[in-house]
Amino acid sequence: VVKVQYPGVDGAVDSDIKHLKLAFLASGLVKMDRKALDAVLGEIRARLNEELDYCNEADNVRFFREAFGDDPRIIVPEVVGERSSQRVLTLTYEPGDSLSKLKDLGYSQNERDELGHALVTLMLDQIFRLQTIHADPNPGNFAFRRDGRIIMYDYGCVKKLNTNMLDAYRFTIREAIDENYEAVEQGLRRLDVRNLKGPTFSPDYYKLWRDIFARPFLGETPFDFGRSTIHRDVLQHMPVFMTKYATAFQPSAEMVFLDRVIAGHYGNLCHLGCRGIFGSQLNAYVRP
């Protein structure tokens, strides 16, 4: 598989970021100060510029190939070094079935459940063990095989995670599951996503969101991603959040791509239509 960079695309990145910032400011929809906005856009710009360097992407492929070399469920292509350069990347061909076609191809529920567990572990392993995430969870960047294996494609967008942030993230998840909302507040402050100049609220407000987001990881009843309503429930509560509580929070540049990975794989799991009890998988990483 040969990937060739379109001429001139590198010159468009900074221009596009500047226009994106102007659009955010003009719309009035983004409620954050300019310093926070600049930090978030700076993080996006950094990842986009890295995606244009195919030598960097080749190193990312090699990193993940070594990291998952002992996991038979994960397939990472191999770099063909003598056919690669800064603007050309050549990888070995690793075929698989696209996410959108699994049901039409007759993948059974058990096969999709097995793939779902593998995908959850793949995500958690990157976050908490490797501290490095494949940060483009577009469903087209993954393919699947009936034997339970997952192929990962496109390693241009990769984010190395800060250890202190991950410690706070693990702490916050654990305390949220245990419904210790005072500790959740402290965790969010450590993550730098709480704006203390904004409004305050009761622990019940944290519980509302905890009960939505933690559903796949609670109890001993299998969770069915194919029937999940988490995304709809989030949208239902967003009007109140935006009008009353949005200024109590602020985006963290360090977490932009981590949030993207989690939200993206939630969508992938829903399209996969997998079922399972996923709490033990999460606990293995947040309760080491």
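Everything in this summary refers to the structure shown in the same document. (Residues numbered from 1 in each chain as written. Predicted model: local features only at pLDDT ≥ 70, side-chain atom pairs only at ≥ 80, totals over all residues. Heavy atoms only, no water.)

**Let's talk about the packing of helix α6 (residues 181-190) against helix α7 (residues 203-213)**
Reasoning step 1: Taken N-terminus to C-terminus, the directions of α6 and α7 make an angle of 80°; their axes are 9 Å apart at the nearest point. On the basis of the axis angle, α6 is roughly perpendicular to α7. In this structure, α6 contributes Y181, V184, E185 and L188 to the contact, and α7 contributes P203, Y206, K207 and R210.
Reasoning step 2: A per-class count over the contact of α6 with α7 returns 5 nonpolar, no polar and 3 charged. (Axes fitted to C-alpha atoms, helices over the stretch in contact; angles between N-to-C directions. Helix = DSSP H or I, 4+ residues; strand = E, 2+ residues; numbered from the N terminus. Parallel < 35°, antiparallel > 145°, perpendicular 65-115°, else oblique. Contact = heavy atoms within 4.5 Å. Nonpolar A, V, L, I, M, F, W, Y, C, P; charged D, E, K, R; others polar.)

**Looking at the pattern of salt bridges**
Reasoning step 1: A complete count under the given rule lists 25 salt bridges for this structure.
Reasoning step 2: K3 serves as the salt-bridge partner of D154, at 3.5 Å between the closest nitrogen and oxygen. With D154 in the loop between β7 (150-152) and β8 (158-160) and K3 in strand β1 (residues 2-4), this pair connects stretches of sequence that are 151 residues apart.
Reasoning step 3: Assessed through its relative accessible area of 24%, D154 is described here as partly exposed. (Salt bridge = Lys/Arg side-chain N within 4 Å of Asp/Glu carboxyl O. Buried < 20%, exposed > 50% of the residue type's maximum accessible area, 1.4 Å probe, protein only.)

**A look at the side chain of R145**
Reasoning step 1: Looking at where R145 falls in the secondary structure, it is placed in the loop between β6 (142-144) and β7.
Reasoning step 2: Its relative accessible area of 18% is what places R145 among the buried residues.
Reasoning step 3: Aside from chain neighbours lying at most four places away, what touches R145 is I75, E94, P95, G96, Y107, L115 and I151.

**What about the sheet that holds β6?**
Reasoning step 1: Pairing is mixed in the open sheet, where 4 strands are placed in the order β2-β7-β6-β4. Every interior strand has two partners, whereas the edge strands, β2 (74-75) and β4 (97-98), have only one.
Reasoning step 2: Two strands pair when backbone bridges link them, and β4 and β6 are joined in this way by 2 bridges, in the antiparallel orientation. Counted as the bridge partner of D97 is F144 from β6.
Reasoning step 3: Contacting β2, β6 and β7, helix α4 (residues 109-130) crosses the sheet at an angle of about 40° to β7. (Pairing = 2+ DSSP bridges.)

**Section: helix α8 (residues 230-245)**
Reasoning step 1: Taking 1.5 Å as the rise per residue, α8 with 16 residues should run 22 Å; its terminal C-alpha atoms sit only 20 Å apart, a clear shortfall.
Reasoning step 2: At H237, α8 shows its strongest bend, of approximately 40°, with the proline P239 following within four residues.
Reasoning step 3: Every buried residue belonging to α8 is among I230, D233, V234, F241 and Y245, and all of these are buried.
Reasoning step 4: Looking at the buried residues of α8, the elements they touch are α7, β9 (223-224) and α9 (256-272). (Expected span 1.5 Å × (residues − 1). Bend = angle between axes of the 7 residues up to and from the residue.)

**Remarks on the environment of K21**
Reasoning step 1: Structurally, K21 is set in helix α1 (residues 12-27).
Reasoning step 2: Sequence separation between K21 and L37 is 16 residues, and the spatial gap between their C-alpha atoms is 7.9 Å.
Reasoning step 3: Residues within four places of K21 in sequence aside, it is in contact with L37, D38 and L41.

**Considerations on α4**
Because each turn of an α-helix spans 3.6 residues, side chains separated by three or four positions in sequence point in the same direction.
Reasoning step 1: Between its first and last C-alpha atoms α4 spans 30 Å; for 22 residues at 1.5 Å apiece the expected length is 32 Å, and the two agree.
Reasoning step 2: A bend of about 25° at L124 is the largest found in α4.
Reasoning step 3: In terms of residue burial, α4 counts as a mostly covered element, since 16 of its 22 residues are buried.
Reasoning step 4: One or two steps after α4, the chain reaches Q131, where phi turns positive at roughly 55°.

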